[in-house]
Amino acid sequence: MAWDMIGHQWAINLLSQQLANRKVRHAYLFTGPDAVGKRTLALRFAQALNCEAPPAPGETCGECRACRMIPTMKYPDLHVVEVGKLDSKLEIKSDLHIVKGKYRDGTQDINRVSSKVKVKQIRLLQRKLALAPYEGRWRVALLLRFWEASSNAANALLKTLEEPAPQVVLLLTARSAESLFPTIVSRCEVIPLRALARAELEAGLVARGISDDRANLLSGLAAGRPGWALQLAKDPEQLERRAALLEDLFSLLGKNRGERFNYAAMFKPSKRKSLHKVRERAVETLETWLSLWRDVMIIVFGARASGQNPDRRSDMERLASDIDPVQVVNAVQATRRTLQAIHQYSNVQLAMETLMLDLPRLSNR
Ligand SMILES: [Zn+2]
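Residues numbered from 1 in each chain as written. Predicted model: local features only at pLDDT ≥ 70, side-chain atom pairs only at ≥ 80, totals over all residues. Heavy atoms only, no water.

Quick word on the environment of Phe267
Relative to the elements of secondary structure, Phe267 occurs in the loop between α11 (257-264) and α12 (275-300). Taking relative accessible area as the criterion, Phe267 reaches 1% and is therefore assigned buried. Taking the C-alpha atoms as reference points, Phe267 and Glu353, separated by 86 residues in sequence, lie 9.5 Å from one another. In this structure Phe267 touches Val278, Arg281, Ala282, Thr285, Val348, Gln349 and Met352, once residues within four positions along its chain are discounted. (Helix = DSSP H or I, 4+ residues; strand = E, 2+ residues; numbered from the N terminus. Buried < 20%, exposed > 50% of the residue type's maximum accessible area, 1.4 Å probe, protein only. Contact = heavy atoms within 4.5 Å.)

What follows is the structure, encoded as structure tokens:
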């Protein structure tokens, strides 16, 4: 059976050939943007390493115990290390620390999370990796989002990378190789995953039984990230929320300051809306708006790149013809600044009010 993934065929070929030729490396680092398929590819590789009945060398049967349990991350010879998640096999109680924090505007919040992969997690992993595989051929350690590791944890892992135990494979994921210590990266085979071409993602979605129209929309929205496209396919509410948020933006462009401030007031935390919820909602709003502004920028400057909102093409073209290119660039920058401010724990409502002042005003709407 093939590896059942959308895209990244070169990486699948490379890994399955190494396995077929008994040239498996000790450690791999999968890099690339969120939801591009790093974790899925690492899990498929773990599956191929331990499949009990591969139809051909480097392939997976899809039916044996390893093939069924590895995707759920419950296989005894697969050890997952990540922030805040406990691997019961590693007997970690909890490594997620909630810090009672104060924001810049003085409000208290409960959900300010300070979390890192801890050195303790690496030490527990090392103890497990020192043992022979329990039931598979390989013990596989999956270290997710490893840029979130503390420097002590990263240093502890170096020892394992330098003195590899036989029948152990380490699989790390990170957004980029630059986000990790060079000493770690140099001991791994780096597998850089990139966003897929839109046509490839669209074909992959159709092959999974998603209708042509929907696959076209989702592949546009997901900007080459299969994980995101599949998530949207599963959660139609998310698509409805996106449509409503884009509607909000189109309508705000025709509104005066008072009406815009009323909109910003929705981002005031209350008893029913925790600051955490408000913040999440603001980030979703701003990311959606940013994707639209970027598409309008593509239209205004006549670039050939494909946009992220193919279903709103005619609205965006109308907007592009009503607006000065400088205003589009300003809107992109203002939205980015607001997003950054919110990521840095500024007062959400205040940040949104500032954005409301920076958004262009179109009088013909
Ligand atoms: Zn199998």
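As for the coordination of the zinc ion
Put simply, the ideal angle at a metal is 109.5 degrees for four donors in tetrahedral geometry and 90 or 180 degrees for six donors in octahedral geometry. Only Cys51 (SG), Cys61 (SG), Cys64 (SG) and Cys67 (SG) from the protein reach the zinc ion as donors, at distances of 2.3 to 2.4 Å. Each of the 4 donor atoms bound to the zinc ion contributes to angles spanning 104 to 118°, and the resulting shape is tetrahedral. Residue class for Cys64 comes out buried when judged on its relative accessible area of 10%. (Donors = N, O, S within 2.8 Å, 3.2 Å for Na, K, Ca; no water. Tetrahedral: all angles 85-135°; square planar, octahedral: opposite > 155°, others 65-115°.)

Quick word on the layout of surface pockets
In this structure, the second largest pocket spans a volume of roughly 240 Å³. What lines the second largest pocket is Leu19, Ala20, Arg22, Lys23, Val24, Ala48, Pro54, Pro57, Gly58, Glu59, Arg137 and Trp138. Residues that form the lining of the second largest pocket fall into these classes: 7 nonpolar, 1 polar and 4 charged. (1 Å grid on protein atoms, 1.4 Å probe; cavity = no way out; pocket = protein on both sides within 12 Å on 5 of 7 lines; lining within 4 Å. Points joined across faces, edges and corners; volume = space filled by probe spheres on them. Nonpolar A, V, L, I, M, F, W, Y, C, P; charged D, E, K, R; others polar.)

Here's the deal with the nonpolar core
Counting 37 residues, the largest nonpolar core has Trp289, Leu292, Trp293, Leu319, Ile342, Val348 and Met352 as its most contacted members. For this core, the element with the highest residue contribution is α12, accounting for 11 residues. Membership of the second largest hydrophobic core comes to 34 residues, among which are Val24, Phe30, Leu78 and Leu193. (Core = buried A, V, L, I, M, F, W, Y, C linked by side-chain atoms within 4.5 Å.)

A word on the pattern of salt bridges
Under the counting rule described, the total for this entry stands at 15 salt bridges. Asp34 is the salt-bridge partner of Arg175, the closest N and O atoms lying 3.0 Å from each other. Taken as a pair, Arg175 in the loop between β6 (168-174) and α6 (182-185) and Asp34 in the loop between β1 (27-31) and α2 (38-50) lie far apart in primary sequence, 141 residues in all. With a closest N to O distance of 2.6 Å, Arg65 and Glu135 form a salt bridge. Of the two residues, Arg65 sits in helix α3 (residues 65-69) while Glu135 sits in the loop between α4 (119-129) and β5 (139-143), which places them 70 residues apart along the sequence. Under the relative-accessibility criterion, Arg65 is labelled partly exposed at 34%. For Glu135, a relative accessible area of 32% gives the class partly exposed. Several salt bridges share partner residues, and in doing so they unite Asp4, Arg44 and Arg208 into one network. (Salt bridge = Lys/Arg side-chain N within 4 Å of Asp/Glu carboxyl O.)

As for the packing of helix α8 (residues 212-221) against helix α9 (residues 226-234)
Relative orientation of the contacting elements α8 and α9 amounts to 130°, with a least axis distance of 9 Å. Overall, the two elements α8 and α9 adopt an arrangement that is oblique. α8 and α9 meet at a crossing whose hand is right-handed. Contacts from Arg214, Leu218 and Leu221 in α8 reach Trp228, Ala229, Leu232 and Ala233 in α9. (Axes fitted to C-alpha atoms, helices over the stretch in contact; angles between N-to-C directions. Parallel < 35°, antiparallel > 145°, perpendicular 65-115°, else oblique. Left-handed = near helix turned anticlockwise from the far one by under 90°.)

Points about the side chain of Ser291
Its place among the elements puts Ser291 in helix α12. At a separation of 2.8 Å, a polar atom in the side chain of Ser291 contacts the main-chain carbonyl oxygen of Thr288. The residues contacting Ser291, other than those within four sequence positions of it, are Gln308 and Asn309. (Polar contact = N/O pair within 3.5 Å; in protein donor to acceptor, adjacent residues only side chain to side chain.)

Considerations on the packing of α12 against helix α14 (residues 325-343)
Interhelical geometry of α12 versus α14 gives an angle of 155° and a closest axis separation of 9 Å. Between α12 and α14, the interaxial angle falls into the category roughly antiparallel. In this structure, α12 crosses over α14, and the sense of that crossing is left-handed. Residues Arg279, Ala282, Val283, Leu286, Glu287, Trp289, Leu290, Trp293, Arg294, Val296, Met297 and Val300 of α12 lie in contact with α14, whose contacting residues are Pro325, Val328, Val329, Ala331, Val332, Thr335, Arg336, Thr338, Leu339, Ile342 and His343. Here the residues of the contact of α12 with α14 sort into 16 nonpolar, 3 polar and 4 charged.

Focus on α2
The end-to-end C-alpha distance of α2, which contains 13 residues, comes to 19 Å, matching closely the 18 Å that a straight helix rising 1.5 Å per residue would cover. In terms of burial, α2 is a largely internal element, 11 of the 13 residues being buried. Taken together, the buried positions of α2 are Lys38, Leu41, Ala42, Leu43, Arg44, Phe45, Ala46, Gln47, Ala48, Leu49 and Asn50. (Expected span 1.5 Å × (residues − 1).)

What to know about unusual backbone geometry
Phi at Met73 is positive, roughly 65°, even though this residue is not glycine. With respect to the element layout, Met73 can be found in the loop between α3 and β2 (78-81). On the accessibility criterion, Met73 (22% relative accessible area) is partly exposed.

As for the packing of aromatic side chains
All chains considered together, the criterion is met by 4 aromatic pairs. Taking the centre distance of 6.2 Å and the plane angle of 25° together, the rings of Trp3 and Phe45 count as stacked. Separated by 42 residues along the polypeptide, Trp3 in the segment before α1 (9-20) and Phe45 in helix α2 bring together distant segments of the chain. Owing to a relative accessible area of 3%, Trp3 belongs among the buried residues under this scheme. (Phe/Tyr/Trp six-rings, centres within 6.5 Å; stacked < 30°, edge-to-face > 60°.)

Examining the pairing of β6
Most of β6 is tucked away, with 7 of its 7 residues classed as buried. Both faces of β6 are covered, namely the face carrying Val168, Leu170, Leu172 and Ala174 and the face carrying Val169, Leu171 and Thr173. Pairing between β1 and β6: 5 bridges, direction parallel. Note on β6: the bridge partner recorded for Tyr28 is Leu171. Handedness of the crossover joining β5 and β6 through helix α5 (residues 151-162) is recorded here as right-handed. (Pairing = 2+ DSSP bridges. Right-handed = clockwise from strand over helix to strand, strands pointing away.)

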